[in-house]
Amino acid sequence: MSPQSLLRDYLLRHKWGYIGSTLSIIVSEFIFVQFPNILGRFTDALAKHRLSGRGILVYAALLFIVGSVYVLFYGIGQAQNGRAARGFEYLLRLRLFEHWELLSTEYFRKRSIGDLLNHAMNDVRQVREALSGGFNILTNSIFLMTATLIMTFTTVSWKLTLASMIPLVAIPFFIVWIGPQVRVSSRRVQEALSAMSEFAEESFSSIRLVKATANEPIEASRFHARVNDIVAEQISLVRKTALFQAVIPTASSIAFGIALLYGGWLAVTHAIQLGAFVAFTLYLGQLVVPLQQIGQVINNFQRAFASLTRLQVLLDERPAIADPEHPAELPTIRGDIRIDLAHFSYPDGDEPVLRDIHVHLKPGQTLGIVGRTGSGKTTLVNLLPRMFDPPAHSVFLDGCDIRELRLQQLREAIAYVPQDGFLFSTTIRDNISFGRSDALESEIERAARAACIYDDIVRFPDGFDTIIGERGVTLSGGQRQRTAIARAWLKDAPILILDDSLSAVDMETEKRILRALQEVRQNRTTLIIAHRLSAVRTADWIIVLEEGRIAEQGTHEELLQRGGIYAQTYALQAEGEVIDT
Ligand SMILES: Nc1ncnc2c1ncn2[C@@H]1O[C@H](COP(=O)(O)OP(=O)(O)OP(=O)(O)O)[C@@H](O)[C@H]1O
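Residues numbered from 1 in each chain as written. Predicted model: local features only at pLDDT ≥ 70, side-chain atom pairs only at ≥ 80, totals over all residues. Heavy atoms only, no water.

Short version of the rule: UniProt positions are given in the numbering used here, feature names are shortened, and annotations may be inferred rather than shown by experiment.
The chain has the name ATP-binding cassette, subfamily B in an unreviewed UniProt entry, where Alicyclobacillus hesperidum is given as its organism. Under Subcellular location (unreviewed entry), UniProt gives the following word-for-word description of the chain: "Cell membrane".

### Focus: a nonpolar patch on the surface
As a reminder, the rule being used: Within the patch definition used here, like charges are joined within 9 Å and nonpolar side chains (Val, Leu, Ile, Met, Phe, Trp, Tyr) within 5 Å, considering only residues with over 30% relative accessible area and no salt bridge. Only the protein chains shown count as cover for residues, and all accessible areas are computed by the Shrake-Rupley method using a 1.4 Å probe. Criterion for a salt bridge: a side-chain nitrogen of Lys or Arg within 4 Å of a carboxyl oxygen of Asp or Glu. Working definition: helices are DSSP H or I runs of at least four residues, strands are E runs of at least two. Numbering for both runs from the N terminus.
A cluster of nonpolar residues, Trp16, Ile19 and Leu23, forms a patch on the protein surface that exposes about 360 Å² of accessible area. Topologically, Trp16 is positioned in helix α2 (residues 15–32).

### Description of the domain arrangement of the chain
This is how the line gets drawn: As annotated, the domain borders come from an automatic or database domain assignment. Buried area is understood as the total, over both parts, of accessible area removed when two parts are fitted together, assessed with a 1.4 Å probe. In protein, a polar contact requires one atom able to donate a hydrogen and another able to accept it; more generally it is a pair of N or O atoms within 3.5 Å, and residues adjacent in sequence count only if both atoms are side-chain atoms. When residue character is reported, Ala, Val, Leu, Ile, Met, Phe, Trp, Tyr, Cys and Pro are called nonpolar, Asp, Glu, Lys and Arg charged, and the others, Gly included, polar.
The domain architecture assigned to the chain consists of domain 1 (3–316) and domain 2 (337–580). Placing the centre of domain 1 and that of domain 2 at their C-alpha centroids yields a distance of 56 Å. Together domain 1 and domain 2 conceal approximately 560 Å² of surface at their shared face, both sides included; 41% is due to carbon and sulfur atoms. Three residues stand out in domain 1 for area buried against domain 2, namely Thr105, Glu106 and Arg208, and they jointly supply 65% of the buried area on that side. In this assembly, domain 1 and domain 2 are joined by zero salt bridges. Put simply, domain 1 and domain 2 have zero residue pairs in polar contact (both at pLDDT 80 or more) between them. Sorting the residues of the side of domain 1 that touches domain 2 by element identifies α5 (105–110) and α7 (158–205) as the ones contributing at least two each. In terms of residues, the side of domain 1 that touches domain 2 owes the most to one element, α5, which gives four residues. For the side of domain 1 that touches domain 2, the per-class residue count stands at no nonpolar, two polar and five charged.

### Remarks on the confidence of the model for the chain
Stated precisely, the cut-off is as follows: Known as pLDDT, the predictor's confidence for each residue is given on a scale from 0 to 100.
When pLDDT is averaged along the chain, the result is 85; 97% of the residues meet or exceed 70. At the low end of the mean pLDDT range in the chain sits helix α19 (residues 565–580), at 75; at the high end sits strand β4 (residues 395–397), at 96.

### A few points about helix α9 (residues 216–268)
For the α-helix, the turn length of 3.6 residues means that residues three or four positions removed from each other point alike. We apply this condition: Here the expected span of a helix is defined as 1.5 Å times the quantity of residues minus one.
The end-to-end C-alpha distance of α9 is 74 Å, a good match for the 78 Å that 53 residues give at a rise of 1.5 Å each. Just past α9, the residue His270 takes up positive phi, approximately 60 degrees.

### A few points about the UniProt feature "transmembrane region" (unreviewed entry) in the chain
Within this numbering scheme, the UniProt entry marks residues 16–36, 56–76, 135–154, 160–178 and 242–265 as carrying the feature "transmembrane region" (unreviewed entry). For residues 160–178, helix accounts for 100% and strand for 0%, while the C-alpha atoms at its two ends are 30 Å apart. Secondary structure across residues 242–265 comprises 100% helix and 0% strand; the distance between its end C-alpha atoms is 35 Å.

### Quick word on the environment of Leu209
Stated precisely, the cut-off is as follows: Remark: exposure states derive from per-residue accessible area (1.4 Å probe, protein chains only) relative to the maximum for the residue type, with buried under 20%, exposed over 50%, and partly exposed in between.
Tracing the sequence through the fold places Leu209 in helix α8 (residues 207–212). A relative accessible area of 55% places Leu209 in the exposed class. Separated by 282 residues in sequence, Leu209 and Lys491 have C-alpha atoms that sit 32 Å apart.

Structure representation (structure tokens):
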């Protein structure tokens, strides 16, 4: 649903609230315009020396009552509009988040997180401000102006009113001229803010690298450049807004000049009474405020419109990978994987990254995938959960083309430990039980033991309740990897993928994790990517990738006998181990 239709639906659903608040504001304005009238009468009574002490008190009480009733009605209207606008803001953010969650990983690779967050924060806020303040002020201004004009026409002089209004008529034309310029400037400010958020996000996520390479001054100067861009854009916006705001008081000053000249002459010639003249100047003062406010509201609406358009572009984005029209549903998933892949290229790549990959894994078997960096190992395993879509009829699960399967069922059947083993900035327990909020304490502990992280966790002062910093920065690389393995373990899915997930643990821990893995192997089909060949030696089948093709395949022993890349790498690594020990 587009933001516009979301807004329309929301306004329709809350129509009674809006009608109530609008009526409330209208009533408040009709009460407010009694002020000059009362003061005019007071002036006349004063000029004619007809005021007693009691009379003054009555006028004061009248003004107090008018003021209080005005505040009451205006307050009700404003509170209702403010609440409704907050509700819409919440709905829009929720809608955005749900939408983003559906989009493919490729989308997030191309878009910066800082930019997306900027949309969620600033664009949505812009719309909310227009909805709350905008509606209030617009209703307020229109009715204040109408009520004021009715009062001046009926109680003062229509000629004086029309003459004084001449300079004010120029204001709408001016707004039409400057409005689009303000909108363009506002968009540039938002873009500059996005660039800054994007930069800060990237810099903070790589804070370890920045510090280790003593790059803080360079980062600061790069940040400085972005802040300067924002300031430059903001100054340009401020200039236009200032011009916008200066013209209105200028026009109103001219209107006052006319009122003094013409109104003064009318008063001197007794065409109008002194009280009416005083009341008129007060009314004129009241007219300037709504005119200025209408200008601001138009400005606000223009910005909100620009924000809605940007949000529309985001919400129009369709997930590149989605369920087929009639998805297949398997009764259970056993974990039989067949890959018959002629070639695979990334959506934005020309050359195939994988070619002629043919592998068949029976339920419970383990496949080891090795090969030089960039040979296509991660790409291959990413095809299974459809992080990227393989060509049709090339990857099968239990005999069913994975592109035909319901995406939810496919992904639920796979426990995946990605290369970076991402962790959330919450407790270790929450990190392990992510996706299994119903997990029992005993299950979480069992998973931690299997991943060889249990002993580390109980040594932390808060044990499983230890909060780990953003992305797990307070854990060592090996601890992070093992926590991510425990998470996958707990998921207890029929397929387990470990993408180089043992690279940061020592040989002894690697052995213990692999032993634990072997114990449950009958139930799980496992794919292990590794650079250290010791991690795949017990696999049922091993493939060696070279530039996206299978260069060698077989069991550990067969590959050693072959004397090819695998055997050479194994010999080199075995040598390294001897030296290490
Ligand atoms: N999202 C992507 N879009 C385009 N090309 C990509 C993408 N991800 C990876 N590649 C390219 O695909 C090739 C294979 O990358 P892949 O990550 O699968 O290698 P790998 O064998 O897992 O490497 P490593 O051992 O370093 O993790 C590389 O040339 C890489 O540049």
